[in-house]
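Fold and contact review
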Amino acid sequence: MRVENLKKQESVVESVLFTMGQSVEIRQLAAALESDEETAIQAVERLKEKYDKRKAGMQIVRLDDSYQMCSRADYYEHLIRVAATPKKQVLSDVVMETLAIIAYKQPVTKADIEKIRGVKSDHAVNRLVEYDLVYEAGRLDAPGRPALFATTEEFLRRFGVGSTEQLPEMNVEQREEIRSEVEEELNLKIDEEGHLIDEPEKDAGTAEEPVDSETGMEKTEENESGAIISNTEIEKEIESEDNSETDEEDSIS
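Residues numbered from 1 in each chain as written. Predicted model: local features only at pLDDT ≥ 70, side-chain atom pairs only at ≥ 80, totals over all residues. Heavy atoms only, no water.

A word on a negative patch on the surface. There is a patch of like negative charges on the surface, built from D36, E37, E38, D64, D65 and E165. With respect to the helices, strands and loops of the structure, D65 is situated in the loop between β2 (58-63) and β3 (66-71). (Patch = residues over 30% accessible without salt bridge, like charges linked within 9 Å, V, L, I, M, F, W, Y side chains within 5 Å. Areas by Shrake-Rupley, 256 points an atom, 1.4 Å probe, with all protein chains shown as cover. Salt bridge = Lys/Arg side-chain N within 4 Å of Asp/Glu carboxyl O. Lys, Arg positive; Asp, Glu negative; His and termini not counted. Charge placed at Lys NZ, Arg CZ, Asp CG, Glu CD. Helix = DSSP H or I, 4+ residues; strand = E, 2+ residues; numbered from the N terminus.)

Now the structure itself:
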């Protein structure tokens, strides 16, 4: 029977969310109300607003196309006095860095992650999958069909956002600072989208003189008299000797 009364709609939504104990898709709420999805959204949003207005111990959060009822974070310290403290998953800087790349670039392959970080990321990605913060979202239509990774609903729940669109944006100064740090560390050029820029190859006709790796100076050698001469001077000397030999051959002939 279709639920028309607004207050009853809220009661139905409340009972479904409480009973399920996990996220419930909007289409499922619509099915419970025997209504369209827009009506279901309006009902759950009205209920959510009432919970927030009176700072109730429970709250309703939206996670992409789902809603979930859960305890309000403000009362966590009181809750753990009677409930078992959940085991905390400590995310290292490496894992957090990898998660940030996936969150902002998703869906993304391991190769793309490693290109940005400059190091292998197998362990970090596997740990994020283990923590249910990241999942394999599909395969890239490319040779080898590499796996594509994206964030999960648990990621949204853990970081308190309703969708990836609500992730904070970096300002221009932060983006430029990060890019310059990466370029300096990896000795690479990166564009605004985070892709590597291939530097043009140097003209073979303008090759640099060999440089000593220890001193950074042009390599030099000693002549028979013990004087120090550079590679450039050696090449000029060899060239002049070749020319003189050619002149001698011409005079003989």
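Remark: helix α2 (residues 26-33) packs on helix α3 (residues 37-53), axes separated minimally by 8 Å, with the N-to-C direction vectors making an angle of 95°. Judged on the interaxial angle alone, α3 and α2 are roughly perpendicular. On the side of α2, the interface is formed by I26, R27, L29, A30 and L33, while α3 contributes E37, A40, I41 and A43. Of the residues assigned to the contact of α2 with α3, the class counts are seven nonpolar, no polar and two charged. (Axes fitted to C-alpha atoms, helices over the stretch in contact; angles between N-to-C directions. Parallel < 35°, antiparallel > 145°, perpendicular 65-115°, else oblique. Contact = heavy atoms within 4.5 Å. Nonpolar A, V, L, I, M, F, W, Y, C, P; charged D, E, K, R; others polar.)

Right, let's talk about the confidence of the model for the protein chain for a bit. Taken over all residues, the pLDDT of the protein chain has a mean of 76, while the share at 70 or more is 63%. Here residues 202-207 is modelled with pLDDT under 50, and outside its nearest four sequence neighbours on either side it reaches one contact, counting other chains as well. (pLDDT = per-residue confidence, 0-100.)

Next up on the list: the environment of S11. With respect to the element layout, S11 can be found in helix α1 (residues 6-20). In this structure, the C-alpha to C-alpha distance between S11 and L47, residues 36 residues apart in sequence, is 8.5 Å.

If you look at the biggest cluster of nonpolar residues, it comprises 21 residues, and the most contacted ones within it are L99, I102, L128, L133 and F155. The set of elements that each furnish at least two residues to this core consists of α5 (93-105), α7 (122-130), β5 (147-151) and α8 (153-159). For this core, the element with the highest residue contribution is α5, accounting for five residues. Beyond its immediate chain neighbours, meaning those up to four positions away, L128 contacts V95, T98, L99, I102, L133 and V134. The next biggest cluster of nonpolar side chains, apart from the first, holds 18 residues, and it includes A30, I41, I60 and Y67. (Core = buried A, V, L, I, M, F, W, Y, C linked by side-chain atoms within 4.5 Å. Buried < 20%, exposed > 50% of the residue type's maximum accessible area, 1.4 Å probe, protein only.)

On to the side chain of T152, then. Residue position: T152 is located in the loop between β5 and α8. From its side chain, T152 meets the backbone nitrogen of E154 in a polar contact 3.3 Å long. The contacts of T152, once residues within four sequence positions are left out, are D132, L133, V134 and Y135. (Polar contact = N/O pair within 3.5 Å; in protein donor to acceptor, adjacent residues only side chain to side chain.)

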